[in-house]
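Results of the structural survey
The chain contents come next:
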Amino acid sequence: ASSTPGISGKVTAPEWFKGMIFVGLFTTPIPQGPPISGTVIAQPGVYRIPRVADGVYYLLAAGLAWSKDFREHFLYETTLRGGGQPVLISNGVVEGATDLSLRPPEPFDPPILMALPLLLNRINQGLIPHLGM
């Protein structure tokens with residue numbers, strides 16, 4: 001067992017949402033590039049991100065609805081989002097909200113700058129753990 005703590009919480013979403021949910025830890029409130037660590041769940045519910053070093057992070061989630069048109073998976077302006085509040089990990093203790101509620105984007109939300117397909121590839125290669133897939 002690792003002595004480095006993890007982060008866990010619950011993701012909620014609108015009732016109509018069906019899709020993949022990416023949960024990531026970032027060093028800035030705007031997700032630029034890949035997360036420090038993260039996971040993917042196949043539906044709203046519990047997530048866990050193992051082995052997170054001490055530090056201040058921003059926990060962010062993006063919900064991509066399933067679609068028959070694959071191109072829609074790249075339309076981040078319709079991607080549900082949640083989180084953005086800082087989370088502090090110090091000596092194995094997590095401080096801050098770890099439950100996330102997905103919502104539709106609002107006009108002043110920052111763009112999602114991470115490449116979700118790249119993140120999926122890293123998860124498939126085992127570089128980032130995942131649950132619920």
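Anything mentioned here points back to the structure above.
Thresholds applied
Residues numbered from 1 in each chain as written. Predicted model: local features only at pLDDT ≥ 70, side-chain atom pairs only at ≥ 80, totals over all residues. Heavy atoms only, no water. Buried < 20%, exposed > 50% of the residue type's maximum accessible area, 1.4 Å probe, protein only. Helix = DSSP H or I, 4+ residues; strand = E, 2+ residues; numbered from the N terminus. Pairing = 2+ DSSP bridges. Phe/Tyr/Trp six-rings, centres within 6.5 Å; stacked < 30°, edge-to-face > 60°.

Our next topic: the pairing of strand β3 (residues 37–41). Counting buried residues in β3 gives five out of five residues, a clear majority hidden from the surface. Of the two faces of β3, the one carrying Ser37, Thr39 and Ile41 and the one carrying Gly38 and Val40 are both buried. Summarising the sheet, strand β2 (residues 19–26) and β3 pair through five bridges and their orientation is antiparallel. Bridged to Ile21 within β3 is Ile41.

On to the packing of aromatic side chains. Centre-to-centre distance and the angle between the planes together describe a pair of aromatic rings. In this structure the tally under the stated criterion is one aromatic pair. Note on Trp16 and Phe17: the rings are 6.3 Å apart at their centroids and 70° apart in plane angle, and the pair reads as edge-to-face. Overall, the relative accessible area of 56% leaves Trp16 in the exposed class. Residue class for Phe17 comes out buried when judged on its relative accessible area of 3%.

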